[in-house]
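# Topology and contacts: notes
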Amino acid sequence: MASSQDLPKNYDFAEVEERWRSTWRDEDHYFDKNSKKPQFVIDTPPPYPTGNFHIGNALNWCYIDFFARYKRMKGFNVMFPQGWDCHGLPTEVKVEEINHITKNDVSREEFRRMCRELTEKNIGLMRITLRKMAFSTDWSNEYVTMQPKYYGKTQLSFLRMLASGYIYQSEHPVNYCTRCETAIAFAEVAYEDRETQLNYFDFDGVEIATTRPELLAACVAIAVHPEDDRYRELKGRTMKVPLFSHDVPVVLDEAVDPAFGSGAVMICTFGDKQDVHWWKQHNLALRKAIDRQGLMTEIAGKYKGLNTTECRAAILADMKAQDILKRQEKLAQRVGTCWRCKTPIEILSERQWFVKIKPKEIADAAHQIKWFPEHMLLRMENWVEQMEWDWCISRQRIFATPIPVWFCKKCGEMAVPEDKDLPVDPTQVAPKHPCKKCGSTEFAGEVDVLDTWMDSSISVLNVTGWDGSGTPPFFPAQIRPQGHDIIRTWAFYTILRSVALTGQKPWNEILVNGMVLGEDGFKMSKSRGNIIVPEEILAKYGADALRQWGAMGAATGSDIMFNWNDVVAASRFQTKMWNITKFALIQLEKEGFDPETQITALADRWLLARLSNTVEQVSNALEAYQFDIALKAIREFAWDVLADNYIELVKGRLYKDDASRKGACLALHTAFDALCRLLAPFTPYFAEECYSHLSPGKSVHKQPWVAFTYDDDAARMEGNLLVQVVAEVRKYKHDAGLALNAPLGKVTIYSPHTVNDEGDTGRTLNADVHWRTDAAKLDRVITDIDFNRSVIGPTFRKQAQAFMAAIKALTPEQLANPPETIMLEGTETAIPENAFTPKYSYMEEGAQVDVITVGDVILTIAK
Ligand SMILES: [Zn+2]
Ligand SMILES: [Zn+2]
């Protein structure tokens, strides 16, 4: 190792980070399945492999790495796995874009191959960012959901839930995107405010208002409120649908709002969720007017083949022609749209696969989990409470986990594979046995595939070693870290699946992080141009600065606004710390330190007492995942306590060559060693670099967490006072126009306690300092007079000098309590108001002194 004298003047983050990255070994972060240590398994979010590890991911992973590193130092056997959630629409769309094809232009197998290839490339790019950011990933527990090893487990979990009745298939209304041609779950419906037209038309003699006239072909009933007198005679009647002429019943329902439109509404299959509700409630017919491509069906008659927009225009035109369109009004409307392509969703009744949602089961498990921050549990509760439909898990796409079932072509019986044959693609292979019911060997494989959340909602089962039977060996995980934007999806589905498959909650704790907003306070988006990418920050300031930003940006769970200033401040902190490091190393290198040294000097005791406080604060904050509080405490100690005060106080002692030096060396070493360890989870490169100079050949990341305690309340109190005394005297020097190191004469400090400062105060202030415990004996005397020339000049003119001389001749008692008149050149003259102010000074043992008070301490400085 180079001598500390040769340490580079400036901290070069790029050189240091690159060097340690190539030194550290992956094996040091592997979870040990045979360890006797307590386990700490993290259910890391598997990001979608877009190729860009974005700033929101970075924040989330910073949090994970902070506590993963902390827990390792605390003696836990930590698993910090890294998954990749590969399947889904965005990749399919990207592949179509890149190759200028649509999914139907190539075979399913070829299309999947293209998706896999793109995904692999993107994962490679994102791994590089993860490594640069020094995340202590357990690469032995990496999983990729598109690989057979993983999606075989997804299929196994599907079969288990099918067997236990959690999964069923049924024809049921589902949210459907006709552009993407797939069903989507409620959690994937985005909402948009739009303006539409409310059309009033004559419906067999009754006025009806509708925003969707194109659904007229799908009309199955007219509903009115049971107490609406206007429609009393309609009860029990049927009505004829205009333009289509089929008859529909009139139903009475309390949910109809008599004040909306005419108070009579048409029920179609399906315009919205309310239609689905009524359709079930009143056991109405099903009329499918829109198909999976969003085109009008056979029952739409002459409108068949039109898309919904064309059909709407045609129907409105025909209504006008028949003179049944009464009037049209503008209406603000919230429309459910596809999360991916923003196309308004249709509610189509389709044969789909569903997972049963049992709200109580999920709510109970959610309550057994400790939520950080606590209020995030409410979001889960609200979501669970509003669940009305089961979870639709089938998708009509390609790049996804195949649903592992076949149907007998002869009798329709369902066949499933055996566990050992998983994974299977039922469209590529046939079942191994003939149909159980009819003996036929002709099967049709299910072409639908699974919702991506079916893959990612077993991430915790996968990492804890689930094999399809009972409770996995490392289950439940200790913690799930994730963003608040996916509480309704990933958190919800994971709890559901864990309870369904193991009967237990998936994790002991869940840590929810906020979103990262742009510097302008808005959500980052391409259109706003406020996107910050981690790679840019890494290039300019390095990983440690970015990680500090992640910790300090906001309280855990709150949204955090990106701010370059915070990154700059983080980098400055490293510069400051680097200077402390160099100073400490030079001192410690001279003769090392002796752990047996008795610490006696106040400054040393004070440093250790403050360090002890800091360690406690940081540890408590980390236990509660309050990273901002933890790092703030570390920075304050390093900057305010150690650098700005302690080192200034003991510099003089350290430059001496006597016994008093030893205490300072031990205190300095203790504080510096602890600081490296406290910083290790936050700034792994920087902490490693500093520690490698302090303890050559050792890694700070293999050291135990700081266990230092030092109980000395008196030292804390008196030391704080000492620091204040020094600060006040320095201010005194500054006000007097003196240099900070200018010699000062005798300084006497009257303190209620005996203080052993080993001469630190005197050397720091460059003064002859005397500590005394007796009371100061001070006399207040008038030593000068301030004349107010703006009063004296105009009043006395040529007599001004004489007036001032007369005042000066007054006795101290008269000056303190001046007479009303004075003899001026033989004339009794009034003393004008505000003509002068006596100036007081303090005398101590016959010599003039300046006095400063700090709490119950009095300082006198000889003039
Ligand atoms: Zn879509
Ligand atoms: Zn059969």
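Residues numbered from 1 in each chain as written. Chains lettered and ligands numbered in written order. Predicted model: local features only at pLDDT ≥ 70, side-chain atom pairs only at ≥ 80, totals over all residues. Heavy atoms only, no water.

### A short note on the nonpolar core
Among the nonpolar cores identified, the biggest contains 137 residues, and Phe562, Phe627 and Tyr646 are the most heavily contacted of them. Of the residues forming this core, the biggest block, 15 residues, is contributed by helix 17 (residues 627-655). If sequence neighbours within four positions are ignored, Tyr646 has contacts with Ala603, Asp604, Trp606, Leu607, Val641, Ala664, Ala667 and Leu668. In terms of nonpolar packing, the next biggest core, distinct from the first, is built from 63 residues, Tyr166, Leu377, Ile403 and Leu501 among them. (Core = buried A, V, L, I, M, F, W, Y, C linked by side-chain atoms within 4.5 Å. Buried < 20%, exposed > 50% of the residue type's maximum accessible area, 1.4 Å probe, protein only. Helix = DSSP H or I, 4+ residues; strand = E, 2+ residues; numbered from the N terminus. Contact = heavy atoms within 4.5 Å.)

### Some remarks on helix 23 (residues 800-808)
Within helix 23, the full set of buried residues consists of Ala800, Phe803, Met804, Ala806 and Ile807. Mapping the buried residues of helix 23 onto a view down its axis gives an arc of 160°, with all of them on the same face. For helix 23, the exposed residues set more than 90 degrees away from the buried face come down to Gln801 and Lys808. Tucked inside the fold, the buried residues of helix 23 contact strand 28 (779-787), helix 22 (789-796), helix 24 (812-816), strand 29 (821-824) and strand 31 (836-844). (Arc of directions from axis to C-beta.)

### Some words on the sheet that holds strand 26 (residues 746-750)
Spatially, 27-26-33-32-31-28 is the arrangement adopted by the six strands of the open sheet, whose pairing is mixed. Sheet topology places strand 27 (768-772) and strand 28 at the edges, where each strand pairs with a single neighbour. On average, each strand axis in the sheet is tilted by 35° relative to the strand beside it, whichever way the strands run. Pairing between strand 26 and strand 27: five bridges, direction parallel. Bridging across to strand 27, Val747 finds its partner in Val769. In this fold helix 20 (residues 713-735) packs onto strand 26, strand 27, strand 32 (847-854) and strand 33 (857-862), with an angle of close to 130° to the strand it touches most, strand 32. Running over the sheet, helix 23 touches strand 28 and strand 31 and is turned about 175° from strand 28. (Pairing = 2+ DSSP bridges. Axes fitted to C-alpha atoms, helices over the stretch in contact; angles between N-to-C directions.)

### Re the coordination of the zinc ion (ligand 1)
Around the zinc ion (ligand 1), the protein contributes the donor atoms Cys177 (SG), Cys180 (SG), Cys338 (SG) and Cys341 (SG), which lie 2.2 to 2.4 Å from the metal centre. Here the zinc ion (ligand 1) binds four donor atoms, and the angle range of 101 to 118° at the metal identifies the geometry as tetrahedral. Taken in sequence order, the residues that donate to the zinc ion (ligand 1) follow the motif C-x2-C-x157-C-x2-C. Of this pair, Cys177 sits in strand 5 (residues 167-177) while Cys341 sits in the loop between strand 13 (325-338) and strand 14 (346-355), placing them 164 residues apart in sequence. Judged by relative accessible area, which is 0%, Cys177 ranks as buried. Residue class for Cys341 comes out partly exposed when judged on its relative accessible area of 23%. (Donors = N, O, S within 2.8 Å, 3.2 Å for Na, K, Ca; no water. Tetrahedral: all angles 85-135°; square planar, octahedral: opposite > 155°, others 65-115°.)

### Some thoughts on the pairing of strand 22 (residues 477-483)
Counting buried residues in strand 22 gives seven out of seven residues, a clear majority hidden from the surface. Following the chain from strand 22 across helix 12 (residues 487-502) to the adjacent parallel strand 23 (residues 507-513), one finds a crossover that is right-handed. (Right-handed = clockwise from strand over helix to strand, strands pointing away.)

### A few points about empty space enclosed by the protein
Going through the model one piece at a time under the given rule, you end up with two cavities of 30 Å³ or more. The volume enclosed by the largest cavity comes to roughly 50 Å³. Lining the largest cavity are Glu718, Leu721, Leu722, Val725, Ile749, Ser751, His753, Val755, Trp771 and Val857. Ranked by the residues each element gives to the lining of the largest cavity, the list is headed by helix 20, at four residues. (1 Å grid on protein atoms, 1.4 Å probe; cavity = no way out; pocket = protein on both sides within 12 Å on 5 of 7 lines; lining within 4 Å. Points joined across faces, edges and corners; volume = space filled by probe spheres on them.)

### Points about the coordination of the zinc ion (ligand 2)
Listed as protein donors to the zinc ion (ligand 2) are Cys408 (SG), Cys411 (SG), Cys435 (SG) and Cys438 (SG); their distances from the metal cover 2.2 to 2.3 Å. Bound by four donor atoms, the zinc ion (ligand 2) shows angles of 102 to 116° at the metal and therefore tetrahedral coordination geometry. Mapped onto the polypeptide sequence, the residues donating to the zinc ion (ligand 2) form the spacing pattern C-x2-C-x23-C-x2-C. Cys408 gets classed as buried once you look at its relative accessible area, which sits at 4%. The exposure class of Cys411 is partly exposed, given its relative accessible area of 32%.

### Some remarks on the sheet that holds strand 6 (residues 182-184)
Taken in spatial order, the four strands make up an open sheet running 6-5-14-16, and their pairing is antiparallel. In this open sheet, the two edge strands, each paired with only one partner strand, are strand 6 and strand 16 (391-392).

### Overview of unusual backbone geometry
Following Phe372, the chain continues to Pro373 via a peptide bond in cis, the omega torsion being -15°. Cis geometry is found at the peptide bond from Phe475 to Pro476, where omega equals -5°. Structurally, the position occupied by Pro476 is in the loop between helix 11 (459-463) and strand 22. Positive phi, normally seen in glycine, also occurs at Lys342, with a value near 70°. Tracing the backbone through its elements, the reader meets Lys342 in the loop between strand 13 and strand 14. Overall, Lys342 belongs to the partly exposed group, its relative accessible area being 40%. For Asn834, which is not glycine, the phi dihedral falls at a positive 60°. With respect to the helices, strands and loops of the structure, Asn834 is situated in the loop between strand 30 (827-830) and strand 31. When its relative accessible area of 56% is taken as the criterion, Asn834 is described as exposed.

### Side note on the packing of aromatic side chains
With the rule as written, the count across this model stands at 34 aromatic pairs. Here the aromatic rings of Tyr541 and Trp564 are separated by 6.1 Å at their centres, their planes lie at 45°, and the arrangement is tilted. Separated by 23 residues along the polypeptide, Tyr541 in helix 13 (residues 534-541) and Trp564 in helix 15 (residues 564-591) bring together distant segments of the chain. Tyr541 sits in the partly exposed class, given a relative accessible area of 23%. You can call Trp564 buried: its relative accessible area is 16%. Of the aromatic side chains, those joined through ring pairs into one cluster are Phe40, Tyr63, Phe66, Phe67, Phe76, Phe372, Tyr625, Phe627 and Phe682. When the ring centre of Phe522 is taken as origin, the NZ or CZ atom of Arg528, which lies over that ring, is 3.7 Å away. (Phe/Tyr/Trp six-rings, centres within 6.5 Å; stacked < 30°, edge-to-face > 60°. Lys NZ or Arg CZ within 6 Å of the ring centre and 35° of its normal.)

### Remarks on the layout of surface pockets
The calculated volume of the second largest pocket comes to roughly 1,300 Å³. Contributing to the lining of the second largest pocket are 46 residues, with Thr211, Arg212, Gly271, Asp272 and Gln333 lying nearest its centre. Contributing elements (two or more residues each) for the lining of the second largest pocket: strand 7 (189-203), strand 8 (206-210), strand 12 (264-268), helix 6 (273-281), helix 7 (308-321), strand 13 and strand 14. Ranked by residue count, the leading element in the lining of the second largest pocket is strand 7, at six residues. Residues that form the lining of the second largest pocket fall into these classes: 20 nonpolar, 15 polar and 11 charged. (Nonpolar A, V, L, I, M, F, W, Y, C, P; charged D, E, K, R; others polar.)

### Some points on the packing of helix 1 (residues 13-23) against helix 19 (residues 684-694)
Two elements in contact, helix 1 and helix 19, have axes whose closest approach is 9 Å; the angle formed by their N-to-C orientations is 85°. The angle between helix 1 and helix 19 places the two elements in the roughly perpendicular class. On the side of helix 1, the interface is formed by Val16, Glu17, Arg19, Trp20 and Arg21, while helix 19 contributes Tyr685, Glu688, Glu689 and Ser692. Looking at the contact of helix 1 with helix 19, its residues break down into three nonpolar, one polar and five charged. (Parallel < 35°, antiparallel > 145°, perpendicular 65-115°, else oblique.)

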